[in-house]
Amino acid sequence: MNTSTNLSQFLQWSGKMPLAEAAVEYLSIDCRDTPAIARVTRFCGAGGTMEYHITVRLTAPVPEADAVCHLTRAYQYALAAVDVSVSSAVFRRIFCSDVVNQAHLVKHPVLGIPATGGCAVSLVGQPPLPAKKFSLWAYHICDPPADLKKSFENGTVSLRRGGLTHHWTAGLTDCVAVGPYEQTRRVMEDYDAWLRAKSMTMATNVVRTWWFMQNVDADYQGLVEARRDFFSSHGLTTASHYIASTGIEGAHPAVAARVSLDSYAISGLQEDQVTYLAAPEHLCPTHDYGVTFERATSVAFADRKHVYVSGTASIDHTGRMLFEGDVVRQLDRTLENIEALLKNVSANLGDLAMIIVYLRDPADGAAVDAALNEKMGTIPYVLVQAPVCRPVWLIEIEGIAIVPASLPKFPHF
């Protein structure tokens, strides 16, 4: 891992993080009396815009009401340590051990629930590991001294930045349709109608999706078929491109929801601003085994590139699963595959701003947690129980990388 800009020391409450341009910086926050680990990534490009990815993981089993307080307090400590306002958040995901019963507990203004217009908030039933009630991932954007130009509509926060508008959408579902195919189709049709009302399309403007299924072993095939059918009639094919995506088990607060969707789209993109990454010596195209998503997508801006790495597992260039039954070796191969994708944009694991790690078996949580801390340093991450689409895959990892760039033909982020 690239450690040249890795600020791995613990920051005391009174300290501030030193500013360095055009590098991903990592920081662990001292949460003092709060049983939690908070980690922050910051990136400041030549254009001056700063991005922060913050993760909070609880470290002790506590009652649910107390867990929300600890989660919120650790998040506030992280924000204060890097001098960032809570109002600069554009997206948060709260990972819950029992989302149906906990949705009412996480109503807190700092977390953005109920929605007040400033941030898209996703609630997902993916139990944090090892065995805790909640975890948090938050994404903040700062343009000192200007305020962000945000608007909110039906679960989507839209951020206008020059000629681009960024749209983060959380928790789309359809509880009327029956079955994963029908629900997926309805969700995609509804989302597509919203995009078209904003003069966008799925093929041109959607950069990243997250599909959550109540039971991945039972529901994944229906989602795959519905997505493939929808894409084929909307300009997304093997001859064009797909969308970076994760399809993973994760419950929605509405018990009738078999499928739900989080998404990120950008309006105003130039045609050559988005590229689709592959690493054929490590991973085969997803359509080789009947699914339709990109391994990774890069979006270029004047002073940086954002790389969205889809859910990635331990496979080889033929799509064959490697290291059956060995979660740590699967972890190593998964990281190798991610790094192979990042090489397309002259990046490596040290450019990752955050990762989410999904495990099928919660009994693997302690071993994987220890391995991640050894291999990945202080990178912000969330570790959750969330079975992957093939039972033999014990682990899957997704991530976001931020890479310095000098591309003046593109708009600033």
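On a predicted model such as this, the values are computed, not experimentally measured, just so you know.

The rules behind these values
- By convention here, each chain's residues receive numbers from 1 onward along its written sequence.
- Thresholds applied to this predicted model are a pLDDT of at least 70 for local features of residues and 80 or more for the giving and counting of side-chain atom pairs; totals over whole chains, interfaces and linings are not thresholded and use all residues.
- Working from all heavy atoms in the structure, the side-chain values ignore hydrogens and water.
- We treat two strands as partners when DSSP finds at least two bridges between them.
- Counting from the N terminus, the helices are the DSSP runs of H or I reaching at least four residues and the strands are the DSSP runs of E reaching at least two.
- Between N-to-C directions, angles span 0 to 180 degrees; the directions come from axes that are lines fitted to C-alpha atoms, helices contributing only their stretch in contact.
- Any pair of residues with heavy atoms lying within 4.5 Å of one another is described as a contacting pair.
- To sort residues, take the accessible area from a 1.4 Å probe on protein chains only and compare it with the maximum for the residue type: under 20% means buried, over 50% means exposed, and anything in between is partly exposed.
- For this count, His and the chain ends are skipped, Lys and Arg are scored as positive, and Asp and Glu as negative.
- Every case where a carboxyl oxygen of Asp or Glu lies within 4 Å of a side-chain nitrogen of Lys or Arg is listed as a salt bridge.
- Throughout this description, a polar contact denotes any pair of N or O atoms lying within 3.5 Å of each other; where both atoms belong to protein, one of them has to be capable of donating a hydrogen while the other can accept it, and for residues adjacent in sequence the pair is counted only when both atoms sit in side chains.
- Take the far helix as the reference: if the near one is turned anticlockwise from it by less than a right angle, the crossing is left-handed, and if turned clockwise, right-handed.
- Here the expected span of a helix is defined as 1.5 Å times the quantity of residues minus one.
- Here a cavity denotes a set of grid points, spaced 1 Å apart and computed over the protein atoms alone, in which a 1.4 Å probe fits but from which it cannot get out, and a pocket denotes an open set meeting protein on both sides within 12 Å along at least five of seven lines; residues with an atom within 4 Å of a point are reported as lining.
- Grid points are joined across faces, edges and corners, and a volume is the space filled by probe spheres set on the points.
- Under this grouping Gly is polar, as are all residues other than the nonpolar Ala, Val, Leu, Ile, Met, Phe, Trp, Tyr, Cys and Pro and the charged Asp, Glu, Lys and Arg.

Caption draft 1: Structural context of the sheet that holds strand E12 (residues 244-249). Taken in spatial order, the six strands of this open sheet run E8-E9-E10-E13-E11-E12, and their pairing is mixed. Strand pairing shows two members of the sheet lacking a second neighbour, strand E8 (149-153) and E12, which therefore form its edges. Taken over all neighbouring pairs, the strand axes of this sheet differ in orientation by 10° on average, direction set aside. Bridge count for strand E11 (residues 206-213) against strand E13 (residues 259-267) is seven bridges, and the pairing is antiparallel. Pairing of Met213 across the sheet is with Val259, part of E13. Those strands touched by helix H3 (residues 180-197) are E8, strand E9 (156-161), strand E10 (164-173), E11 and E13, and its axis lies near 25° from that of E13. Across the face of the sheet, helix H5 (residues 216-232) comes into contact with E11, E12 and E13 while running at roughly 145° to E11.

Caption draft 2: Region of interest: the side chain of Arg295. Counting through the fold element by element, Arg295 comes out in the loop between strand E14 (274-277) and strand E15 (296-300). One buried charged residue, Arg295, remains without a salt bridge, the closest side chain of opposite sign being Asp288 at 7.5 Å. Of note is the side chain of Arg295, whose polar atom sits 2.7 Å from the backbone oxygen of Cys284. Within the local environment of Arg295, its side chain forms a polar contact with the side chain of Tyr289, the two groups lying 3.1 Å apart. Discounting chain neighbours no more than four positions away, the residues touching Arg295 are Leu277, Leu283, Cys284, Pro285, Thr286, Tyr289, Tyr308, Val309, Ser310, Ile315 and Leu341.

Caption draft 3: Up close: the packing of helix H6 (residues 327-342) against helix H7 (residues 365-376). Across the interface, H6 lies against H7 with an axial gap of 10 Å and an inter-helix angle of 35°. In terms of crossing hand, the pair formed by H6 and H7 is right-handed. Counting all contacts with H6, which are made through Val327, Leu331, Asp332 and Leu335, the residues of H7 involved are Val368, Ala371, Leu372, Lys375 and Met376.

Caption draft 4: Structural view of helix H1 (residues 64-81). Over its 18 residues, H1 runs 26 Å from end to end, which matches the ideal 26 Å to within 8%, given 1.5 Å per residue. Asp83, located one to two residues past H1, shows a positive phi value of around 60°.

Caption draft 5: Inspection of empty space enclosed by the protein at higher detail. This model, assessed by the stated rule, comprises four cavities of 30 Å³ or more. Its volume calculated, the largest cavity comes out at about 130 Å³. Together, 15 residues line the largest cavity, and Phe293, Gly311, Cys389, Trp393 and Glu396 are the ones closest to its centre. Among the elements that make up the lining of the largest cavity, the one with the highest residue count is E12 (three residues). Of the residues that constitute the lining of the largest cavity, the class distribution is seven nonpolar, five polar and three charged. Within this model, the second largest cavity holds a volume of roughly 110 Å³. Lining of the second largest cavity is provided by Glu51, His53, Phe91, Trp137, Tyr139, Trp168, Trp210, Tyr264, His306, Tyr308, Ile400 and Ile402.

Caption draft 6: Up close: the pattern of salt bridges. Tallied over the full model, the rule gives 18 salt bridges. Its salt-bridge partner being Arg304, residue Asp303 comes within 2.9 Å of it at the nearest N-O pair. Of the two residues examined, Asp303 and Arg304, each falls in the buried class. Of the charged contacts, one joins Lys375 and Asp332 as a salt bridge, the two residues approaching to 2.8 Å between their closest N and O atoms. Of the two residues, Lys375 sits in helix H7 while Asp332 sits in helix H6, which places them 43 residues apart along the sequence. The class of Asp332 is partly exposed, set by a relative accessible area of 33%.

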